[in-house]
Amino acid sequence: MSVNRNWKSTVLLASISTLGSILLGTALISTVKLPFLTRAGLLPWLVLLGLTLGASRFTVSISNSVGVNQSRKSVADAFVFLAVILYAVPPADTAGPATLLAAIVGFVSTYGLASRRESIATTAIAVISTFISASCYGFLATVFAHDLSREAGQGLPLNVFLVPLCVLAVLQYFLSTLATLHFVNIVDGRPRVLPSQESLVWTLTTQVAGAASAVLFYSAINGGGLPYILLGLLITGLVHLLYRFNEKRLSEVRRAEGEQRKHVEEMATIHMNTIESLAIAIDAKDQTTHGHVRRTQIYASEMGKLLNVGTQEMRALFAGALLHDIGKLAVPEYILNKPGKLTESEFAKMKIHPTVGGDILRRVNFPYPVEDIVRYHHEKWDGTGYPKGLRNESIPLVARIISVVDFYDATRCDRPYRKGMKREDSLALLRNMAGSAFDPRIVEKFIEHVEDFDRLIDAEDIQEQVAAEHPAHDYETQTEPDAGLAPDRMGAPHDDSGFRSITEAQREVFALHEIAQTIGSSLNLNDTVTLVSNKLRAIVPFDTCIIFIVDEKSGKAVAAHVAGEDSELFSHRRMTVGDGITGWVIANARSMCNASPELDLVGVSEDIAKTYRGALVSPLLREDGAFGAITLYSKSRSSYTTEHVRLLESVCQHASSALNNAMTFEKTKESALVDPLTELPNARGFYMMLEQRIAECQRMGNESLAVVSMDVDDFKGINDQYGHAIGDRVLASVAAVMRKELRQMDILTRYAGDEFVAIMPMASSQMAVIVGERIRKAVETQKFSVRTGSVIQVGLSIGVACFPDDGETTEELLTAAAKGMQGNKHSRKTVISLTNAPVTNLDAFR
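Note that the coordinates shown come from a computational prediction; the quantities given were computed from them, not determined experimentally.

## Focus: the sheet that holds strand 7 (residues 614-622)
Point 1. Pairing is antiparallel in the open sheet, where six strands are placed in the order 5-4-3-8-7-6. Each edge of the sheet is formed by a strand with only one pairing partner; in this case those strands are strand 5 (574-576) and strand 6 (592-593).
Point 2. With respect to the sheet, helix 21 (residues 580-588) is in contact with strand 3 (544-550), strand 4 (556-564), strand 5, strand 6, strand 7 and strand 8 (625-634), its orientation differing from that of strand 8 by roughly 150°.

## Description of the nonpolar core
Point 1. Ranked by internal contacts, the top residues of the largest apolar core, which has 40 residues, are Met 303, Leu 317, Val 370, Ile 401, Leu 430, Phe 438 and Phe 446.
Point 2. Listing elements by their share of this core, those giving two or more residues are helix 9 (292-306), helix 10 (311-323), helix 14 (370-376), helix 15 (397-412), helix 16 (423-433) and helix 17 (440-460).
Point 3. Ignoring anything within four residues of it in the chain, the contact list for Val 370 reads Ala 316, Ala 319, Gly 320 and Leu 361.

## Overview of the packing of aromatic side chains
Point 1. Tallying each qualifying case throughout the model produces 12 aromatic pairs.
Point 2. Aromatic pair Tyr 299 and Phe 446: ring centres 5.5 Å apart, planes at 75°, arrangement edge-to-face. Separated by 147 residues along the polypeptide, Tyr 299 in helix 9 and Phe 446 in helix 17 bring together distant segments of the chain. Here the two residues Tyr 299 and Phe 446 agree in accessibility, since each one is buried.
Point 3. For the pair Phe 570 and Tyr 612, a centre-to-centre distance of 5.9 Å together with 75° between the ring planes defines the contact as edge-to-face. Taken as a pair, Phe 570 in helix 20 (residues 567-570) and Tyr 612 in the loop between helix 22 (606-609) and strand 7 lie far apart in primary sequence, 42 residues in all. The pair formed by Phe 570 and Tyr 612 is uniform in burial state, with each residue classed as buried.
Point 4. Positioned above the aromatic ring of Tyr 612, the side-chain terminus of Lys 635 is 5.0 Å from the ring centre.
Point 5. Sitting over the ring of Tyr 640, Arg 637 keeps its end group 5.7 Å from the ring centre.

## Comments concerning the sheet that holds strand 9 (residues 705-712)
Point 1. Reading across from one edge, 10-11-9-14 is the order of the four strands in this open sheet, with antiparallel pairing throughout. Bordering the open sheet on either side are strand 10 (747-752) and strand 14 (796-803), each of which pairs with just one other strand. Shown here is a sheet whose adjacent strand axes are inclined to one another by a mean of 20°, direction ignored.
Point 2. Direction of pairing for strand 9 relative to strand 11 (residues 755-761): antiparallel, over a ladder of seven bridges. Among the inter-strand pairings, Met 710 is bridged to a residue of strand 11, identified as Phe 756.
Point 3. Relative to the sheet, helix 26 (residues 724-741) contacts strand 9, strand 10, strand 11 and strand 14, its axis offset from that of strand 10 by approximately 150°.

## Structural notes on empty space enclosed by the protein
Point 1. For the structure shown, the criterion picks out four cavities of 30 Å³ or more.
Point 2. Of the voids in this model, the second largest cavity is the one considered here, and its volume is about 60 Å³.
Point 3. In terms of lining residues, the second largest cavity is bounded by Tyr 376, Glu 379, Lys 380, Trp 381, Ile 395, Ala 399, Arg 400, Ser 403, Val 404, Ala 437, Phe 438 and Asp 439.
Point 4. Tallying contributions element by element places helix 15 first for the lining of the second largest cavity, with four residues.
Point 5. Looking at the lining of the second largest cavity residue by residue, the class counts come to seven nonpolar, one polar and four charged.

## Topic: the side chain of Ser 133
Point 1. Positionally, Ser 133 belongs in helix 5 (residues 116-144).
Point 2. For Ser 133, a relative accessible area of 0% corresponds to the buried category.
Point 3. In terms of polar contacts, Ser 133 uses its side chain to reach the backbone carbonyl oxygen of Ser 129, at 2.7 Å.
Point 4. Excluding anything up to four places from it in sequence, Ser 133 contacts Leu 168, Leu 171, Gln 172 and Leu 175.

## Concerning a negative patch on the surface
Point 1. Taken together, the side chains of Glu 691, Glu 808, Glu 811 and Glu 812 present a region of like negative charge at the surface.
Point 2. In this structure, Glu 808 sits in the loop between strand 14 and helix 28 (810-826).
Point 3. Residue class for Glu 808 comes out partly exposed when judged on its relative accessible area of 46%.

## Overview of the pairing of strand 9
Point 1. Where burial is concerned, most of strand 9 is hidden: eight out of the eight residues are buried.
Point 2. Of the two faces of strand 9, the one lined by Leu 705, Val 707, Ser 709 and Asp 711 and the one lined by Ala 706, Val 708, Met 710 and Val 712 are each fully buried.
Point 3. By the bridge criterion, eight bridges tie strand 9 to strand 14 in an arrangement that is antiparallel. Bridge pairing links Val 708 to Val 800 in strand 14.

## Considerations on helix 21
Point 1. Ile 581, Thr 582, Gly 583, Trp 584, Val 585 and Ile 586 are the residues of helix 21 that are buried.
Point 2. Immediately downstream of helix 21, the backbone of Ala 589 shows phi near 55°, a positive value.

## What about helix 2 (residues 42-55)?
Point 1. Spanning 14 residues, helix 2 covers 20 Å between terminal C-alpha atoms, matching the ideal 20 Å at 1.5 Å per step.
Point 2. Turning to helix 2, its buried residues are Trp 45, Leu 48, Thr 52 and Ala 55. Seen from one end, helix 2 has its buried residues packed into an arc of 105°, which puts them on one side.

## Digging into the pattern of salt bridges
Point 1. For the structure shown, the criterion picks out 23 salt bridges.
Point 2. Ionic pairing is found between Glu 773 and Arg 776, a salt bridge with its closest N-O pair at 2.9 Å. Remark: Arg 776 and Glu 773 occur in helix 27 (residues 765-781); sequence separation between them is three residues, near one turn of the helix. Each member of the pair, Glu 773 as well as Arg 776, carries the same accessibility label: buried.
Point 3. What you see here is one network of salt bridges that share partners, running through Glu 773, Arg 776, Lys 777 and Glu 780.

## Concerning unusual backbone geometry
Point 1. Cis geometry is found at the peptide bond from Tyr 386 to Pro 387, where omega equals 15°.
Point 2. With respect to the helices and strands, the residue Pro 387 is situated in the loop between helix 14 and helix 15.
Point 3. The omega torsion of the bond from Phe 803 to Pro 804 falls at 5°, within 30 degrees of zero and hence cis.
Point 4. Even without a glycine there, the phi angle at Ala 589 is positive, about 55°.
Point 5. With respect to the helices and strands, Ala 589 occurs in the loop between helix 21 and strand 6.
Point 6. Positive phi values are uncommon outside glycine, yet Glu 679 reaches one of about 60°.
Point 7. The topology assignment puts Glu 679 in the loop between helix 23 (642-673) and helix 24 (683-700).

## So, the confidence of the model for the protein
Point 1. Looking at the protein, pLDDT values average 76 and 75% of them are 70 or higher.
Point 2. This stretch, residues 468-503, has a pLDDT under 50; its non-local contacts, to residues over four places away or in other chains, come to 75 contacts.

## A word on the packing of helix 3 (residues 77-87) against helix 4 (residues 96-110)
Point 1. Put simply, helix 3 and helix 4 touch, their axes get as near as 8 Å, and they point 170° apart. As far as their axial angle goes, helix 4 and helix 3 are roughly antiparallel. Along the contact surface, helix 3 presents Asp 77, Phe 79, Val 80, Ala 83, Val 84 and Tyr 87, while helix 4 presents Pro 97, Ala 98, Leu 101, Ala 102 and Val 105.
Point 2. By residue class, the composition of the contact of helix 3 with helix 4 is 10 nonpolar, no polar and one charged.

## A few points about the packing of helix 26 against helix 27
Point 1. Remark: helix 26 packs on helix 27, axes separated minimally by 9 Å, with the N-to-C direction vectors making an angle of 140°. When the axis of helix 26 is compared with that of helix 27, the two are oblique. Of the two elements, helix 26 crosses helix 27, and the hand of that crossing is right-handed. For the pair formed by helix 26 and helix 27, the contact residues are Val 734, Val 737, Met 738 and Glu 741 on the first element and Val 771, Arg 774, Ile 775, Ala 778 and Val 779 on the second.
Point 2. Among the residues forming the contact of helix 26 with helix 27, the class breakdown is seven nonpolar, no polar and two charged.

Cut-offs used in this document
- Residues numbered from 1 in each chain as written.
- Predicted model: local features only at pLDDT ≥ 70, side-chain atom pairs only at ≥ 80, totals over all residues.
- Heavy atoms only, no water.
- Pairing = 2+ DSSP bridges.
- Helix = DSSP H or I, 4+ residues; strand = E, 2+ residues; numbered from the N terminus.
- Contact = heavy atoms within 4.5 Å.
- Axes fitted to C-alpha atoms, helices over the stretch in contact; angles between N-to-C directions.
- Core = buried A, V, L, I, M, F, W, Y, C linked by side-chain atoms within 4.5 Å.
- Buried < 20%, exposed > 50% of the residue type's maximum accessible area, 1.4 Å probe, protein only.
- Phe/Tyr/Trp six-rings, centres within 6.5 Å; stacked < 30°, edge-to-face > 60°.
- Lys NZ or Arg CZ within 6 Å of the ring centre and 35° of its normal.
- 1 Å grid on protein atoms, 1.4 Å probe; cavity = no way out; pocket = protein on both sides within 12 Å on 5 of 7 lines; lining within 4 Å.
- Points joined across faces, edges and corners; volume = space filled by probe spheres on them.
- Nonpolar A, V, L, I, M, F, W, Y, C, P; charged D, E, K, R; others polar.
- Polar contact = N/O pair within 3.5 Å; in protein donor to acceptor, adjacent residues only side chain to side chain.
- Patch = residues over 30% accessible without salt bridge, like charges linked within 9 Å, V, L, I, M, F, W, Y side chains within 5 Å.
- Areas by Shrake-Rupley, 256 points an atom, 1.4 Å probe, with all protein chains shown as cover.
- Salt bridge = Lys/Arg side-chain N within 4 Å of Asp/Glu carboxyl O.
- Lys, Arg positive; Asp, Glu negative; His and termini not counted.
- Charge placed at Lys NZ, Arg CZ, Asp CG, Glu CD.
- Expected span 1.5 Å × (residues − 1).
- Arc of directions from axis to C-beta.
- pLDDT = per-residue confidence, 0-100.
- Parallel < 35°, antiparallel > 145°, perpendicular 65-115°, else oblique.
- Left-handed = near helix turned anticlockwise from the far one by under 90°.

Printed below as a string of structure tokens:
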């Protein structure tokens, strides 16, 4: 096509250029032979030539209806018209001068503003159109002036050349404009688009102004004088200035329209994103139909093109295919995902979803008939559908299209109440129901092109339909698509053991047996979650496996273990129970598969989140409900099968007991080493950690270690006066103050009662004394609330011991520090009052 277009434009350009060159040569010869070039008439000709050159660059653009500039008209045409009036009638009687000036105007007005081909074509067309127009003018002027005699030096009267001048202006305008536009369209390969109305108005105004100015210039030459010249220039100048002002106004309007169009496009994008989000919400609730709405969208959009629906209907199909099941948000999930047949009452609840969906979208006020699709896509051709019982053409066309494609895709996919069909069986059922449930014309058109549609779906990789070799046993059940009462003759779900290979079954059974035998072999939580993820990989495919455990303190599900890709990223995941797929599974104690992973990946970078296509989550259960979940993400598959769900639930059943035992052991172990009041390590924890630190110091050789023993003075008096509850609260507050004054690497423990011991690795005796004094000052200056409006202050006795100077064993260090603390206590007087205790001598710490 491009080669053909170039060939045509080249031939056209050559023809125009050849004819224009011949006429231009003729004009040049006839102009040179004129007698005025050798007499006094030379000066006016040169002035006219100079004015034409100077005014040629002042142009008015001729643009088409889409805003593309295609040609130009110059104000210098006024001087071309003047040359026609002066020289196209006797005594000169030639179009040569006007043709020469037209060539100058055509070239100068386009040089540098258009391509070389367009510039040459514009110049040639200007020569041809002016030559023809000037010749016509000369003929008509001669006819009108036949009975008039002119004396030498006198021009034609106005009533003689007015009509020929009008013919000149109109003929020259249309010849030059239409020819130039036609040539540019051929060169650019654009359709034959006419000039815009705005361009026609301003170019015609410029043409008329040029003709009027030419009349005034002619009158000035024939005795009118300077006023006529000035008036002619004023008319031409004002018209051009008005055009420039209008052009500036239009450019601002176009810019504003462009911004408005951009805003509309952005709003449309937001609108469609909202629709996509609603579709994702539908997918998340009706998990067995993941991908159904997207395939339906492809089928519906392609059918709309084949049936030549309007723009509004096409948009409605695009949005309605996503939202046609939005009413299912009001249907209980146990009905949507019920594996057996529905009861009459359950089916009645299912049938409300078109009405509910229509009511939801009525408030959205879509500018195209999306509501009709949602409300009427379960109506039948014979009037037996729901909710209104519409029949034949009274059902909106867009709803009839969705009804067909929805049924086809629903019968191709597995549902909780039946198996999916092969394409041939589904199409056979669709054809049998044409004329009763569906519009026969739409059914035939769909069947004719269904293979093309399925190829598009394969390219989109949202194929979840039953493969060709999958048997179909229910194409005679007349089951409603996507929602309906399962007929009695469907019976129980078919046993699918025949479709799983013996090898896979043996591998799965062996893996499950191995999990059951080994999963409880360790009470260590980390060992248990690692073992579960390693064994799980052998039977359920995943790219990332996360084992979430609910933290009892925060109430959030925390990633206890991550295996697979992006493990570092997911190791810090915390999920609110009830949010996302994992949160929903934990909150409802039910598995979920094939919901969009993006529901679970809020907060994860988009680049990583969009690589995951499938998700499968099952809860970890105990007597009081779910305490966690196993979440599997896949990058390679967009859906998991019911077999995968069954296997993961089986693993979770074994893992739940082992993980619960490990958590109980960890909790018991932690409570044995931690003081519940202050949440600090207790005496047992102190001995364990101090022994570890002493062993490290001995291994390092010259590493120092300090033990600081601290006792709250006369704490028994606080318990006696205010009670043990307030005493415990004060003690916890004292511990918090102490912890703030220690280094991050230091370990503070509650040794017994009101006695605390701090372990300070890599601390010298001097550093320990300084830190001890800092702790004492912080505690003794702190005011502790005991009752409303009543506060107390406490004193603190401190003793310090260092490894290896004061001892090399746990008992030796603790005894030395306790001895120093007792000495410090006896050497000072502690007062519990509203004033600070006096500063003591640091030597008393040792």
